[in-house]
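Structure at a glance
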Amino acid sequence: MDVTRKTQIAAGLAEVEARIAEACAAAGRARDEVTLVAVTKTYPAEDVRILAGLGVREIGENRDQEASVKARECADLPLTWHFVGQLQTNKVRSVAAYADVVHSVDRSRLVAAIGREAVRAGRRISCLVQVALDDDPVRGGARAADVPGLAEEIAATEGVRLGGVMAVAPLGEEPGKAFARLRDLALAVQAGHPGATIISAGMSGDLAQAIAHGATHVRVGTALLGRRKLFVR
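The following refers to the structure shown. (Residues numbered from 1 in each chain as written. Predicted model: local features only at pLDDT ≥ 70, side-chain atom pairs only at ≥ 80, totals over all residues. Heavy atoms only, no water.)

1. Regarding helix H6 (residues 147–155)
- Buried within H6 are the following residues: Val147, Leu150, Ala151 and Ile154. Angularly, the buried residues of H6 cover 105 degrees about the axis, an arc narrow enough to put them on a single face.
- Each element contacted by the buried residues of H6 is listed here: strand E4 (101–105), helix H5 (108–121), strand E5 (125–131), strand E6 (160–167) and helix H7 (175–192). (Buried < 20%, exposed > 50% of the residue type's maximum accessible area, 1.4 Å probe, protein only. Helix = DSSP H or I, 4+ residues; strand = E, 2+ residues; numbered from the N terminus. Arc of directions from axis to C-beta. Contact = heavy atoms within 4.5 Å.)

2. Re the nonpolar core
- Of all hydrophobic cores here, the largest spans 68 residues; its most connected members are Ile20, Val102, Ile114 and Val218.
- Aside from chain neighbours lying at most four places away, what touches Val218 is Ile20, Val34, Thr35, Leu36, Val37, Ala201, Gly202, Leu207 and Ile211. (Core = buried A, V, L, I, M, F, W, Y, C linked by side-chain atoms within 4.5 Å.)

3. Quick notes on the pattern of salt bridges
- Under the definition given, this model contains 13 salt bridges.
- For Glu61, the salt bridge identified is with Lys70, shortest N-O distance 2.7 Å. For the residue pair Glu61 and Lys70, the accessibility class agrees, reading buried in each case.
- Where salt bridges share partners, they join Glu61, Arg63, Glu66 and Lys70 into one cluster. (Salt bridge = Lys/Arg side-chain N within 4 Å of Asp/Glu carboxyl O.)

4. Re the pairing of strand E1 (residues 35–39)
- Counting buried residues in E1 gives four out of five residues, a clear majority hidden from the surface.
- Both E1 and strand E2 (residues 58–61) contribute to a ladder of two bridges, which runs parallel. Its bridge partner being in E2, Val39 is matched across the sheet by Gly60.
- Regarding the hand of the β-α-β motif, the stretch spanning E1, helix H2 (residues 45–53) and E2 is right-handed. (Pairing = 2+ DSSP bridges. Right-handed = clockwise from strand over helix to strand, strands pointing away.)

5. Examining the pairing of E4
- Within E4, five of the five residues are buried, which leaves it mostly tucked inside the rest of the structure.
- As paired elements, strand E3 (residues 80–83) and E4 share two bridges and run parallel to each other. Within E4, the position partnered with Phe83 by the bridge is Val102.
- Looking at chain direction, E4 and E5 are connected through three bridges and run parallel. Looking at the pairing, Val102 lines up with Cys127 of E5.
- Chirality of the crossover, the property in question, places the unit of E4, H5 and E5 among those that are right-handed.

This is the structure we're talking about:
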């Protein structure tokens, strides 16, 4: 193990943990209400091992090409794998083999595909409805009006369970306002599905605002691991 890299990651983790604790305190929430998902895209499996050694168990990836390899290389570790990127149906079979949580479910066809492949793999995958808070189709996500129906589809599909909702703050908008809308949608979903408690929101730059508006999971990469570089195996 690269001792220097371990020191760097430990320092990043300490800083992120301090920011999460401060945000929780400001929001009157307990620290254990928020789960840190370490987003390791573009970083090697060795960084995942270092994170695991530091007590991080929730790992996020957004490209199957990288994630599938790292999941295999780290199969001996007690990790929960989160797929947080946009997901094409032709990648679902691969993702269903290792992902425990898929954050980016935004259409009926994807629900059906994940359920089918989860059953084939003998697994049950937690699915989050990705919400488009800015109606920008390029960034993915379901429109707010379509969220309840999509949540119902997930809840009724074999092989998956409805975990909750996810969103990315829109570009050019104050994150807190956007996350407040996500919280309202999350509460509406929870009214019909009390077990759908996850609100995945907030990244390196806006995790405090997300926590202030009820985020249960924050997806942090850059603040934890440093500026991204091209992934090289």
